[in-house]
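Letter by letter, the chains look like this.
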Protein chains: 2
Amino acid sequence: MIYSETYRIRNYETDPEGRLWLSALANLLQDAADCHANQLGVGRPELLAWDLAWVLHRLVLSVNRWPRLGESITLETNPSGEERVYIYRDFRGYDSAGKLLFTATSTWLVLNLSTRRLTTPAPEIKRLFEPYRHLEHLPRPSGKFPAAPGTWTYQTTLQPRHNEIDANLHVNNGVYFQWLLESLPFDFLATHHCHHVDLVFKAEGQRGETVQVLSGPVGPNRFVHRVLNPQQAELVVALSTWSGPEAS
Amino acid sequence: MIYSETYRIRNYETDPEGRLWLSALANLLQDAADCHANQLGVGRPELLAWDLAWVLHRLVLSVNRWPRLGESITLETNPSGEERVYIYRDFRGYDSAGKLLFTATSTWLVLNLSTRRLTTPAPEIKRLFEPYRHLEHLPRPSGKFPAAPGTWTYQTTLQPRHNEIDANLHVNNGVYFQWLLESLPFDFLATHHCHHVDLVFKAEGQRGETVQVLSGPVGPNRFVHRVLNPQQAELVVALSTWSGPEAS
């Protein structure tokens, strides 16, 4: 009932210190969620046939320890309740000794593709998730983001690569987690590690669009991030918290 | 003796048509090669201890059919001989029915990290590869690239992302396969598929460097590619051959 899969951390998924990249972890979460939704009969193909699509709205990740190159991690995921238009899914990652590496909780929406409006999940979908109601769930994402910092200390512009575009011709979810890091200096990433990220998807990124990534401090080792499209609309807002500096 | 591993093709590894991206395939080849070298006792850590490093020099890929989202492919790889400073490694990919999806042959060099010069592989390394000599090997990469086309029809500039940098602080091998595609129009990729790539690594890409990617036709659905650093030095030269157009 709970989906579980083991992933070995591959060379190209790790940073120069051999730790899993944030975006690579986001991709694994997405993969496990896709596999489980397919298994439950509410994957992308089924939803498309009903003229619906899943939209990831928010993802909150807490990391105890980043897995390293060559490690095998066990990822468990399950739906974890619903509330109005929101459907929740939790993730827990364990190392080979069974120690908790990270948890993540995600909030999903169902989009009606004809009307382009959010829709309350159909009873068929809700019914599927009933058995999961009695499971203990992780804290639901809540809370507003701190106001924008006085200055955006770090910024960069970038364009989606062809391989960052998904089947809906929008920017893939996992990509934004990497984009946030692109605005931070490489040396910061080598000497700090991220232990908390809260990310909200506000609008879909289009291919060909140059985006602006802004990051500014709102506390010690704590940043607010914005990804803006050329019309200055927010595609993503995020908050990240870091430990360090460490010897690299 | 031959290393074999099964890989399920994940959502974020495929193009909008659901076919594995070229760069994602290059990453899987790199992963299998790494795993096998580690198993044979000549992985990155062992070579580092001898002050040596593997350098990928050339990779030639021939694709019969691109695997699709959700498919499981079996990747087999083995060393396949040596010649002066060159060490060869072959790859064969099969679908779940045992049909050959693709083959690839790669040429590797051993770099002495102190002198930064290529070195003839040590007898300990050569001895390891002896049992593989009697295996049938794929055709060795040979042949020069066609001269540069009259015009570079397609070009783009880009900067390595943080997550494209490897443990040696250079651009990861698999990344170049994606960069070649970045210069081609997205609509071309959606309506054609690549069935042959021959790629030679000439110099190491550095982080922070803006590179120029040039692609020009040298025949019907056949392109020569160059990746140049800011000093106009060639990092990669490649030749790709495509089929199509197809209905997308």
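It should be emphasised that the depicted structure is a prediction, and the values quoted were computed from it without experimental measurement. (Residues numbered from 1 in each chain as written. Chains lettered and ligands numbered in written order. Predicted model: local features only at pLDDT ≥ 70, side-chain atom pairs only at ≥ 80, totals over all residues. Heavy atoms only, no water.)

Help me understand the domain arrangement of chain A, please; the structure alone is not making it clear to me.
When the parts of a complex come together, some accessible area is lost, and that lost area is often used as the size of the interface. Residues and elements named next belong to chain A. Taken domain by domain, chain A holds domain 1 (3–132) and domain 2 (154–243). Relative to domain 2, the C-alpha centre of domain 1 lies at a distance of 19 Å. Counting residues at the interface gives 20 residues for domain 1 and 22 residues for domain 2. Carbon and sulfur atoms supply 54% of the area that domain 1 and domain 2 bury against each other, a total of about 1,900 Å² over both sides. Across the contact surface, domain 1 and domain 2 share two salt bridges. D198 is paired through a salt bridge with R58; the nearest N and O atoms lie 2.9 Å apart. The interface formed by domain 1 and domain 2 holds twelve residue pairs in polar contact (both at pLDDT 80 or more) in total. Ranked by the residues each element gives to the side of domain 1 that touches domain 2, the list is headed by strand β2 (residues 52–63), at eight residues. A per-class count over the side of domain 1 that touches domain 2 returns ten nonpolar, five polar and five charged. (Domains from an automatic or database assignment. Contact = heavy atoms within 4.5 Å. Buried area = accessible area lost by both parts, 1.4 Å probe. Salt bridge = Lys/Arg side-chain N within 4 Å of Asp/Glu carboxyl O. Polar contact = N/O pair within 3.5 Å; in protein donor to acceptor, adjacent residues only side chain to side chain. Helix = DSSP H or I, 4+ residues; strand = E, 2+ residues; numbered from the N terminus. Nonpolar A, V, L, I, M, F, W, Y, C, P; charged D, E, K, R; others polar.)

What should I look at first to understand the pattern of salt bridges in this one?
Side chains carrying opposite charge are able to pair once their charged atoms draw close together. Throughout the structure, instances matching the rule amount to 28 salt bridges over all chains. The salt bridge involving A:K126 is made with A:E82; its shortest N-O contact spans 3.8 Å. Note that A:K126 is positioned in helix α3 (residues 123–129) and A:E82 in strand β3 (residues 72–83), a separation of 44 residues in sequence. Given a relative accessible area of 24%, A:K126 falls into the partly exposed group. Looking at A:E82, the relative accessible area reads 18%, which means it is buried. In this structure, A:E234 and A:R226 form a salt bridge, with 2.9 Å as the shortest nitrogen-oxygen distance. Residue classification places A:E234 among the partly exposed residues on the basis of a relative accessible area of 29%. Since its relative accessible area comes to 12%, A:R226 is described here as buried. Among the ionic contacts, a cluster of salt bridges with common partners joins A:E5, A:D31 and B:R8. (Buried < 20%, exposed > 50% of the residue type's maximum accessible area, 1.4 Å probe, protein only.)

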